[in-house]
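Coordinate inspection notes
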Amino acid sequence: MDFKLEYMERLFAKISKKKTESYVISRIWHQLDDDRVKFVVQQYVKRVQDKYALADLYLPQLNIFIEINEPFHKNNVEVDRIRNEEILSVVHSKPIVVDCDCDLTEIHRQVTEVVALIRQRIAELGDSFRPWDEASTLTVEHHRDKGCLKVEDNECLRTTEDVAAVFGTKAKHRGFLRASGAAVPGKKNEIVWWPNTDHRLWHNELSEDGLFIYEYPKAEEKRAEHLRHWLSAPEETRITFLRYKDDLGFCFYRFVGVFRLDRDKSIKESKCVWERISDTYQLNV
């Protein structure tokens, strides 16, 4: 199935119970009629004082946030104002508000203005506008041709087989189990690693700042032995792709950097703590 088609199907299924929001976002999508623009719904935005907001619609290539205000928002004017000011201070983009406490003609007029603004922003970006093209960027060929992995580029692949193939290797199987990594050909003590944050037996957690991965068996009686093993093992470098599931249910393996065991921190916390030593990796292709 075409990736963009599946993505948009899942997007509209996710917001289908929010009838007004779904209608407005659908009209923006169809009136814009430009599948180079990626739509993200219920985008997480960190605010101040450990709070967060969920933007109704976000266009990441254009840094445009769109809020669809249904009639009940009339009772939360001050709360919405503070929320939008905090979003502006964090992402440097003032949310565009579509007020739906009106008739259909007025909603359509506002949507037309939003679409015009989106097109204007694309025109202003000119050649620097990067079209939405995840279908090709998720391929082995894309990453091998690019030759370098960068955390800031949000490098992703769909399967562990694809991750291994980028490095010219294959994942080994242990009976019906699959290994969580594979040795990088021609590189001593260097592996490509794909930890799973939802693993049944293992805890794999990336710190909020992306600088550390905390790894240990969920079975408490196995944790000490696991830590002893890696403290006594030769130093290992891990080119790491973290498995995660996005809000639409797609599973990806995202490059999060190159890690090595922080022995002092691991001993102090009684668990394996892998520290990021680089946010890039040069492929030998």
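Because the structure is a prediction, the values reported are computed rather than measured. (Residues numbered from 1 in each chain as written. Predicted model: local features only at pLDDT ≥ 70, side-chain atom pairs only at ≥ 80, totals over all residues. Heavy atoms only, no water.)

As for the overall build of the chain
Secondary structure assignment for the chain yields nine helices and 16 strands. For the chain, restricting intrachain contacts to residue pairs at least 6 apart in sequence, the fraction spanning at least 24 positions comes to 56%. (Helix = DSSP H or I, 4+ residues; strand = E, 2+ residues; numbered from the N terminus. Contact = heavy atoms within 4.5 Å.)

Concerning the pattern of salt bridges
Taken as a whole, this structure holds twelve salt bridges when the rule is applied. We note a salt bridge from R109 to E106, for which the minimum N-O separation is 2.7 Å. Note that R109 and E106 are positioned in helix α4 (residues 104–125) at a spacing of three residues, about one turn of the helix. The exposure class of R109 is partly exposed, given its relative accessible area of 39%. Judged by its relative accessible area of 26%, E106 is partly exposed. Among the ionic contacts, a cluster of salt bridges with common partners joins E106, R109 and E113. (Salt bridge = Lys/Arg side-chain N within 4 Å of Asp/Glu carboxyl O. Buried < 20%, exposed > 50% of the residue type's maximum accessible area, 1.4 Å probe, protein only.)

Observations regarding helix α2 (residues 19–32)
Counted at 1.5 Å a residue, the expected span for α2 with its 14 residues is 20 Å, and the 20 Å between its end C-alpha atoms agrees. Just downstream of α2 lies D33, where phi reads positive at about 50 degrees. (Expected span 1.5 Å × (residues − 1).)

Some details on the confidence of the model for the chain
Looking at the chain, the pLDDT average stands at 86 and 85% of residues meet or exceed 70. Element-level pLDDT for the chain is lowest in strand β8 (residues 177–178), with a mean of 49, against a maximum mean of 97 in strand β15 (residues 272–278). (pLDDT = per-residue confidence, 0-100.)

A word on unusual backbone geometry
Located in the positive-phi region is N63, a residue other than glycine, with phi close to 55 degrees. Structurally, the position occupied by N63 is in the loop between β2 (52–59) and β3 (64–69). You will see that N154, though not glycine, has its phi angle at about 55 degrees, which is positive. Inspection of the secondary structure puts N154 in the loop between β5 (148–150) and β6 (156–157). Assessed through its relative accessible area of 44%, N154 is described here as partly exposed.

Describing the nonpolar core
With 40 residues, the main nonpolar core has Y7, L11, I25, I28, F39 and I118 as its most contacted residues. Looking at this core element by element, the count peaks at six residues for α4. Ignoring anything within four residues of it in the chain, the contact list for L11 reads I25, F39, V40, V41 and L248. By size, the runner-up hydrophobic cluster in this structure holds 19 residues, among which are L149, L157, V184 and W194. (Core = buried A, V, L, I, M, F, W, Y, C linked by side-chain atoms within 4.5 Å.)

Re the pairing of strand β14 (residues 251–261)
The element β14 is extensively covered by neighbouring structure, given that eight of its eleven residues are classed as buried. Across four bridges, β14 lies against β15 in antiparallel orientation. For F259, the partnering residue across the bridge sits in β15 and is R276. (Pairing = 2+ DSSP bridges.)

Some thoughts on the packing of aromatic side chains
A full pass over the atoms with the stated rule returns 13 aromatic pairs. Taken together, a centroid distance of 6.3 Å and an interplanar angle of 40 degrees make the contact between F3 and Y7 tilted. A residue pair is termed a helical-turn pair when its members lie 3 or 4 positions apart in one helix, as F3 and Y7 do in helix α1 (residues 3–14) at four residues. Taken individually, F3 and Y7 each receive the classification buried, so the pair is uniform in this respect. When the ring of F3 is compared with that of F250, the centres are 5.2 Å apart and the planes differ by 45 degrees; the resulting orientation is tilted. On the criterion of sequence distance, the pair formed by F3 in helix α1 and F250 in the loop between β13 (237–245) and β14 is long-range, its members being 247 residues apart. Residue class for F3 comes out buried when judged on its relative accessible area of 9%. An aromatic cluster is present here, built from F3, Y7, W132, Y244, F250 and F252 joined pairwise through their rings. The ring of F250 has R10 lying over it, and the distance from NZ or CZ to the ring centre is 4.0 Å. Geometry around F212 places K265 over its ring, the cationic atom sitting 5.0 Å from the centre. (Phe/Tyr/Trp six-rings, centres within 6.5 Å; stacked < 30°, edge-to-face > 60°. Lys NZ or Arg CZ within 6 Å of the ring centre and 35° of its normal.)

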